[in-house]
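Letter by letter, the chains look like this.
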Amino acid sequence: MENGKFDLKEPLLGPQESVTIDIPPASQYSDKQIKILKFNIRGIECASCAVSIESVLGKLNGIENAAVSPIDGQTVVKYIPGIIDVSCKAIYATWIFFLYFLLAILFFRNHPLGPIMHWVYDEKGFKLGFVFYPVKLQKYFYDAEPICWYFPQAKTIKEAIENGGFEVEAFPEQDIAVCRLRIKGMACTSCSESVERALAAADGVKKAVVGLALEEAKVHFDPNVTTPKKIIEVVEDAGFRGDLISSGNDANKLHLKLDGVRAAEDADIIKSALESVIGVNHVEMDTEGESITVSYDPDITGPRSLIQRIREAAVGQASYDASIYIPPRQRESDQQNEIRMYRDQFLWSCVFSVPVFLFSMVLPMLPPYGNWLDYKIHDMLSIGMLLRWILCTPVQFIIGRRFYIGAYHALRRKSANMDVLVAVGTNAAYFYSLYILLKSLTSDKFEEEDFFETSAMLVSFILLGKYLEIVAKGKTSDALAKLSELAPETACLVTIDDDGNIISETEISTQLIQRNDLFKIVPGAKVPVDGIVIDGQSYVNESMITGEAKPVAKKPGGKVIGGTVNDNGCIIVKATHVGSETALSQIVQLVEAAQLARAPVQKLADQISRFFVPTVVAAAFITWLAWFVAGVAGLYPKHWIPKGVDKFELALQFGICVVVVACPCALGLATPTAVMVATGKGAQLGVLIKGGAALEKAHKVKAVVFDKTGTLTVGKPVVVSVVLFSGVTMEELCDMAIALEANSEHPVAKAVVEHAKKLRHNYGSMADHIEDAKDFEVHPGAGVSGKVCNKVVLAGNKRLMQAYNVPISQEVEDHISGAEKLARTCVLVAIDGKVAGAFAVTDPVKPEAERVIKFLQSMNISSIMVTGDNWGTATAIAREVGIIEVYAETDPIGKADKIKEIQMRGLTVAMVGDGINDSPALAAADVGMAIGAGTDVAIEAADIVLIKSNLEDVVTAIDLSRKTMSRIRVNYVWALGYNVLAMPIAAGVLFPFAGIRFPPWVAGACMAASSISVVCSSLLLQYYKKPLHVENA
């Protein structure tokens, strides 16, 4: 055995066949696929504990690396799944195996009795264990049992640590993988529900969401139980076509086109070379070796490094190279193929159905041009009838084959959809007409009219409707497509010397940019990836990402977003986020997830779809029966019956009309198409809505809770004054404040440190080294504390002073109240139990805040402020912007409690915060809005992410939600109203009074038009305009 694998080139027992080893079939998963476990360990008291744990883990077979932090117990383990063994039972089984194996070699070498050992593999090719037994001994010993031993999996790691006396926390009990599938063949809500039910019932599937309008499914599954291939088989068994869009974590996958691969050995060399690179997680090569897909960690390696490794892997005269390969966008190509397919099918159907229509409806009305159609071939069979049958049959069974397939699969899974309705209607018309044809062929007196034109025209109009519907649905994702295309194809990579001078410039593909690369952006060029400006100044147009038309000034230290345009000035940018980590990629991912999520209002359509088709079929049968019985019983006058039609045919026409006029598709498309357009439009305006549920909840909002710092205010506090107390010098106060507050990330702390450093510089006595604070502690909502030069130092508000029993004199009280009246926050600094001084900090109110609050009031939405700041400052800010209800001196948990109290009043509450300190409140609110997210758009706690720091987007989010829900209601009214009105008319309710009767092919055209109208109604949301523009006011 070498490196955990048997060397099969030299058999262990020579030519004997007594030992066999099963080799697993070729699999895309190899035994060297490394997995990573992250968890926490409690009970670590010192560094030696961490070392001992690492030692225990290092002894496990299959462990590549284990790192344990002695500070917080955070543990990261890289291991090869399937070959971990540590337990005594496993060791015991191993010894039994080798002893038995040795005995077999010594005593049974030339004997028919010999051991057989079988490796056991899972479906991915991983070794789970072995079965070892002397099979032929069973001839002599009936109780001879095999020795079976299975390798423990990841849980063995946990057990090994717990056996050492430590407690494991946050251990991932099972792997959950995610894959996205393209689902073709879904016509209505009933179809999407069928796929969802089939996926949910599949082994290993934890969660499945199917989007009808997006024609996609997102499946969460256990990779140890099932695979994407098996999941696709489940979809196909349900009667639909499934294609894999992505599997696993596609966050950092590189697709490369290979050059120089001549044989399988070359492909193996390249694959092995890439697998040996630190930071590469998985390598997958296609069967022909022409391209390769690499999953990697961008913090460790990058595209250019991987390409260079491929070039260096060449041995001898071989020469390898690789280039970026961008796979075609599956959605766009599938959409174009589907549009082309329906267009071609419609045109082919017209080739047959138009002549049928002419022969049945037009030429008979134009004598003598149509007289030849009445010529009898045999008995009562005319040329016209024969031609209509010949032309109609290909339309019914070849072009219309898709409806039969769809209906078959729907009925097989005990459901019904639009295909069932079409199949029932067209078959009724076709086979009744075929009966007329056969009766005319065998009778010399039989005279009846056929309905072949009904079947052919019905199929043609439905295909036309599907074609127009798909074209319209494609436009619902236009906004997302435009976002995806914002990033430039190339970038100018530069290298600079120690003095900041550019040494070289190279134009490379944007796909090749790695983290920490430097690239130059000239005026008019697009920013390729997210980064930080390190040299130069300019104005950048970020309207395509944030919706903000005003150019934003950029200088060294400023952040730029990939996809934005540099207006003027040349800047050098350092890449900080690449690939799927860029703001643009995260926005696209977030919007795609939102479009796939199902809105609660969709439940109405789901409930209706369950009984819609059976109800329609039953109504059609009752309609036919009622008209036929009424005709036979003579309940209506004979002149009601049109010329050339008898009682049975008239009743059949009404029944067919009811079947084909009903449209479940319009109901199914009412919600998802509107959500797709709204989320795409919101993304264009800088408002990212996480799905239909968030969209639906936002329109019900009656109260908006605002955080103060960074939300109502600019979020960049500045110190406006400093006052000394207790006879402490300014130098000492500044030194103490700098040493303590330097450890805090709070904006107010940063403002204090910055101002204190300026004061020390002005006094000309800036020390070379400031003492570090020890025993530093953060007190949420109050301040910080620590020891500086053996002195206990506090910096915070009055609440912190009271908690440490620091006396506050009247002089200090007066200073605090005076500052609070001016909307200023007092940061008190206490040294050894005495207030030494105070920094008055102010944070300017955003210019649009007052107008936004007034606009919300006009929308009948109340505004509330909840802040951790003092009451005086909070009240002053609230008074300035027009907010009446204020809650101050509230910690993060208290904010969440306040929101729950407001919800108890029966109000739907939206929380607007910065998404960091306000996470509990954002999660507690009905709708959480993270404002000013900048490049960090993946905020889990928020339902809506507002990219800009502009409060007008709060209004935009709520207004867009209201407009979208209004549009969904219009869609439902149209879809339901159409069915409610069209079905009775198709059933002949108006025929006795006004003579109004739908021919079946006209009913089919109406059904197609209803779906198109719903999609077009949703597309009107693309013209949505923001209701409030503060800058133009």
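Residues numbered from 1 in each chain as written. Predicted model: local features only at pLDDT ≥ 70, side-chain atom pairs only at ≥ 80, totals over all residues. Heavy atoms only, no water.

With an unreviewed UniProt entry as reference, the protein is termed P-type Cu(+) transporter, source organism Carnegiea gigantea. You can read under Subcellular location (unreviewed entry) in the UniProt record for the protein the words "Membrane". (UniProt positions renumbered as here; feature names shortened; annotations may be inferred.)

Colleague: Got a minute to help me understand the overall build of the protein in this structure?
Modeller: In terms of regular secondary structure, the protein is built from 31 helices and 39 strands. Here the protein holds 1033 residues, and 50% of them are scored as buried. Within the protein, counting contacts between residues at least 6 apart in sequence, those at least 24 apart form 69% of the total. Surface summary for the protein: the accessible area is close to 48200 Å², and the carbon and sulfur share equals 56%. (Helix = DSSP H or I, 4+ residues; strand = E, 2+ residues; numbered from the N terminus. Buried < 20%, exposed > 50% of the residue type's maximum accessible area, 1.4 Å probe, protein only. Contact = heavy atoms within 4.5 Å. Areas by Shrake-Rupley, 256 points an atom, 1.4 Å probe, with all protein chains shown as cover.)

Colleague: Looking at this model, I keep getting lost on the sheet that holds strand β8 (residues 177-184). Mind explaining?
Modeller: Strands pair in a sheet through their backbones, by hydrogen bonds, and they do so in one of two ways: parallel or antiparallel. The strand order β9-β10-β8-β11 describes an open sheet built from 4 strands, whose pairing is antiparallel. One side of each edge strand has no neighbouring strand; the edge strands of this open sheet are β9 (205-211) and β11 (241-247). Pairs of neighbouring strands in the sheet enclose a mean axial angle of 25°, with direction left out of account. For β8 and strand β10 (residues 216-221), the ladder comprises 6 bridges, and the chain directions are antiparallel. Its bridge partner being in β10, A177 is matched across the sheet by F221. Helix α5 (residues 228-237) rests against β8, β9, β10 and β11 of the sheet, and its axis sits at about 155° to β11. (Pairing = 2+ DSSP bridges. Axes fitted to C-alpha atoms, helices over the stretch in contact; angles between N-to-C directions.)

Colleague: Sorry, what's going on with the packing of aromatic side chains here?
Modeller: Working definition: an aromatic ring pair is given by the centre-to-centre distance plus the angle between the planes. In this structure the tally under the stated criterion is 18 aromatic pairs. Relative to Y430, the ring of F397 lies with its centre 5.0 Å away and its plane at 85°, an arrangement referred to as edge-to-face. Taken together, the residues F397 in helix α9 (residues 383-399) and Y430 in helix α11 (residues 418-442) connect sequence positions 33 residues apart. Aromatic pair F621 and W624: ring centres 5.9 Å apart, planes at 40°, arrangement tilted. Of this pair, F621 and W624 both sit in helix α16 (residues 602-632), 3 residues apart, which is roughly one turn of the helix. Residue class for F621 comes out exposed when judged on its relative accessible area of 51%. Residue placement shows R402 over the ring face of F403; its charged tip is 5.0 Å from the ring centre. (Phe/Tyr/Trp six-rings, centres within 6.5 Å; stacked < 30°, edge-to-face > 60°. Lys NZ or Arg CZ within 6 Å of the ring centre and 35° of its normal.)

Colleague: Looking at this model, I keep getting lost on the pairing of β9. Mind explaining?
Modeller: Across a regular strand the side chains alternate sides, sitting on one face of the sheet and then on the other. One ladder, built from 6 bridges, connects β9 with β10; its direction is antiparallel. Residue K207 lies in a different strand from β10, and its bridge partner there is H220. Counted between consecutive antiparallel strands, the loop separating β9 from β10 contains 4 residues, among which E215 sits at a positive phi close to 55°.

Colleague: Honestly, the environment of H255 in this entry has me stumped. Any pointers?
Modeller: In this structure, H255 sits in strand β12 (residues 253-259). Of the residues examined, H255 reaches a relative accessible area of 27% and is grouped as partly exposed.

Colleague: Honestly, the sheet that holds strand β21 (residues 530-535) in this entry has me stumped. Any pointers?
Modeller: The strand order across the open sheet built from 6 strands is β19-β18-β20-β26-β21-β24, with neighbouring strands paired in antiparallel fashion. What marks the edges here is a single partner per strand, and that holds for β19 (502-509) and β24 (559-560). As paired strands, strand β18 (residues 490-496) and β19 are joined by 7 bridges and run antiparallel to one another. In the strand pairing of β19, L493 is matched with T506.

Colleague: Would you explain unusual backbone geometry in this entry?
Modeller: At D775, a position not held by glycine, the phi torsion is positive, near 55°. Its relative accessible area of 58% is what places D775 among the exposed residues. Phi angles above zero are rare outside glycine, and N790 is one such case at about 65°. Tracing the sequence through the fold places N790 in the loop between β31 (783-788) and β32 (791-796). Note on N790: relative accessible area 77%, which makes it exposed.

Colleague: What is the right way to look at the pattern of salt bridges in this model?
Modeller: Opposite charge on two side chains makes pairing possible when the charged atoms of those side chains draw close. For the structure shown, the criterion picks out 20 salt bridges. In this structure, the salt-bridge partner of E732 is K791, at a minimum N-O distance of 3.1 Å. In this pair, E732 sits in helix α21 (residues 730-741) while K791 sits in strand β32, placing the two residues 59 residues apart along the sequence. By relative accessible area, which is 26% here, E732 ends up partly exposed. According to the relative accessible area criterion, K791 is partly exposed, its value standing at 26%. A cluster of three or more residues bridged by salt bridges with shared partners is formed by R180, R182 and E216. (Salt bridge = Lys/Arg side-chain N within 4 Å of Asp/Glu carboxyl O.)

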